[in-house]
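What the coordinates show
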Amino acid sequence: MEKYIINGGKTLSGEVTISGAKNAAVAIIPATILCDEPCRIENIPNISDVALIAKILQNLGAKVTRVNKSTLDIDPRPINTFSAEDDSVRGMRASYYLLGALIGRFHNARVALPGGCNFGVRPIDQHLKGFEALGAQCELVKGAIVEAKSDRRMQGASIYLDTVSVGSTMNLMLAAVKAEGQTIIENAAKEPHIVDLANFLNSMGANIRGAGTDVIKIRGVDYLHGITYSIIPDQIEAGTYMAAVAATRGKILVKNVTPKHLESITAKLKEIGCAVEEYDEAVFVDATVRPLRRCNIKTMPHPGFPTDCQPQFVAMLTTVEGTSFVTENVWDNRYQYVNELLTMGAKISVEGRVAIIDGNTALHGAPVKATDLRGGAALIIAGLVACGTTELSSVHYVERGYEEIVEKLRGLGADIKKQYFPGDETAITA
Ligand code: EPU
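Since the model is a prediction, treat every value here as computed from it, not as a measurement. (Residues numbered from 1 in each chain as written. Predicted model: local features only at pLDDT ≥ 70, side-chain atom pairs only at ≥ 80, totals over all residues. Heavy atoms only, no water.)

Turning to helix α4 (residues 97-106), a few remarks are in order. An α-helical turn contains 3.6 residues, so a residue and the one three or four places further along point in the same direction. Along α4, nine of the 10 residues are buried, which leaves the element largely enclosed by surrounding structure. Listing the buried residues of α4 in full gives Tyr97, Leu98, Leu99, Gly100, Ala101, Leu102, Ile103, Gly104 and Phe106. (Buried < 20%, exposed > 50% of the residue type's maximum accessible area, 1.4 Å probe, protein only. Helix = DSSP H or I, 4+ residues; strand = E, 2+ residues; numbered from the N terminus.)

Within the largest apolar cluster, 79 residues are counted, with the highest numbers of intra-cluster contacts made by Leu98, Met173, Leu197, Phe200, Leu201 and Ile208. With near-sequence residues (within four places) excluded, Phe200 lies in contact with Ile28, Ala31, Thr32, Cys39, Ile41, Ile227 and Tyr229. Core analysis: the second largest hydrophobic core is formed by 70 residues, Leu12, Val245, Ala247 and Leu412 among them. (Core = buried A, V, L, I, M, F, W, Y, C linked by side-chain atoms within 4.5 Å. Contact = heavy atoms within 4.5 Å.)

Okay, the packing of aromatic side chains next. Evaluation of the coordinates by the stated rule reveals five aromatic pairs. When the ring of Phe82 is compared with that of Phe106, the centres are 6.3 Å apart and the planes differ by 50 degrees; the resulting orientation is tilted. Within this pair, whereas Phe82 is found in the loop between β5 (71-75) and β6 (83-84), its partner Phe106 is found in helix α4, the two being separated by 24 residues in sequence. The exposure class of Phe82 is partly exposed, given its relative accessible area of 33%. Ring geometry for Tyr96 and Tyr97: centres 4.7 Å apart, planes at 85 degrees, overall edge-to-face. For Tyr97, a relative accessible area of 3% translates into the label buried. (Phe/Tyr/Trp six-rings, centres within 6.5 Å; stacked < 30°, edge-to-face > 60°.)

The next subject is the sheet that holds strand β19 (residues 323-327). With mixed pairing, four strands are arranged side by side in an open sheet as β18-β19-β21-β20. The open sheet has two free edges, formed respectively by β18 (296-298) and β20 (347-351), since each of these has just one partner strand. Between one strand axis and the next, the sheet turns through 15 degrees on average, direction left out of account. The pairing of β18 with β19 spans three bridges and is parallel. Following the sheet pairing, Asn296 is matched in β19 by Phe325. Docked against the sheet, helix α10 (residues 310-317) engages β18, β19, β20 and β21 (354-358), running at close to 170 degrees with respect to β19. (Pairing = 2+ DSSP bridges. Axes fitted to C-alpha atoms, helices over the stretch in contact; angles between N-to-C directions.)

Read these as spatial facts, not as claims about activity.
Below, the structure written as structure tokens:
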């Protein structure tokens with residue numbers, strides 16, 4: 001029902017402020033289930049995935065109060081069920097964190113299988129393997145609900161993850177934080193949001209060491225007290241604006257970031273010819289200093305180049321000199337958006353995990369559809385540089401993860417607006 005209308009050709013300039021990290025927020029909000037007192041969470045991004053996980057907590061019985069746009073008070077004490085099976089749970093990938101949090105609190109959980117953006121098979125076998133090692137019996141009921149059962153508190157265990165997985169690393173931290181004894185997670189993922197979740201739990205009294213390395217040691221505790229906690233900035237939102245400014249050959253100051261978390265993105269921008277200056281909590285990206293040229297990118301778990309910035313960089317690389325090769329190593333099928341870019345005139349061929357991108361292509365505006373969150377962001381970037389008007393539909397995908405993207409881009413000089421169709425009761429034009 002809603003589209004973004006983008007008139008391309010404007011150069012981005014000015015300042016943009018990055019919101020809190022989606023993938024930290026969608027873990028930390030369910031993590032409050034484990035807390036024995038109310039908590040306040042600050043720097044929460046105002047996005048639909050956060051609204052959904054907050055609603056799910058409310059449906060479980062938690063008292064969730066919005067203090068302001070970016071702050072939630074959550075009192076998890078009234079939660080008296082370990083069953084989360086309604087449709088809203090199926091509506092997002094991160095609802096799998098309910099499993100870890102409910103197991104940690106009740107040593108039982110019944111959670112509908114998660115949905116989320118669709119880019120190939122998204123198994124949760126490593127989550128379940130870890131829960132079983134901690135003492136929960138896991139079963140898939142009617143192919144749609146994961147049930148984890150135990151008649152006693154989780155017992156610390158050593159768990160080696162067969163694949164580096166963000167979700168299973170965080171879920172096992174949740175399930176183990178109140179377990180009896182010590183849990184060791186080996187081959188753990190190292191993303192900034194894993195460190196953020198550990199910091200959140202440790203501030204409440206947990207004993208987690210090694211988050212940010214590939215071995216995490218968790219000594220179980222009995223009680224987690226209430227705190228006020230501020231979520232880290234979103235490295236992927238920052239990377240998206242950095243790709244957009246390169247694509248439009250502008251210069252912008254990206255504020256409220258942790259430059260260390262952006263190193264792999266910054267390195268690629270420098271390689272293609274941008275100047276990037278780092279400050280304490282900001283980065284300045286200047287794409288005007290020299291002509292931009294091709295590069296190769298391989299996505300990898302952190303500290304490698306993030307898969308969640310792959311589509312945005314592919315869109316940007318259509319505008320630079322030379323042929324770039326991008327290899328997607330994390331997800332099997334994260335190139336659905338490429339077909340949409342082709343309708344805008346991009347010259348990209350995909351062979352298995354590799355996208356081959358011919359640069360210096362003149363993109364033209366077209367009606368296109370967001371296929372997923374980051375694919376949608378890539379199409380916005382393409383629309384910003386294309387000649388003519390791009391109409392992007394299925395923008396609900398984009399709004400799962402980008403706070404006020406239309407307003408932020410307009411603040412940088414982009415010609416973009418959101419259009420609601422007649423007949424939609426909420427019709428306004430922003
Ligand atoms: N995997 C398994 N078994 C498992 C879990 C994962 O084989 O039990 C595989 C996956 O199929 C994938 C790889 O391991 O090939 C990595 O998956 P991971 O578990 O790290 O992904 P995730 O936790 O489901 C999160 C983010 C994704 C992001 C990935 C990788 C959330 C809610 N989602 O997913 O974010 O792409 O980590 O960094 O945190 C996005 O924000 O656009 C997004 C998709």
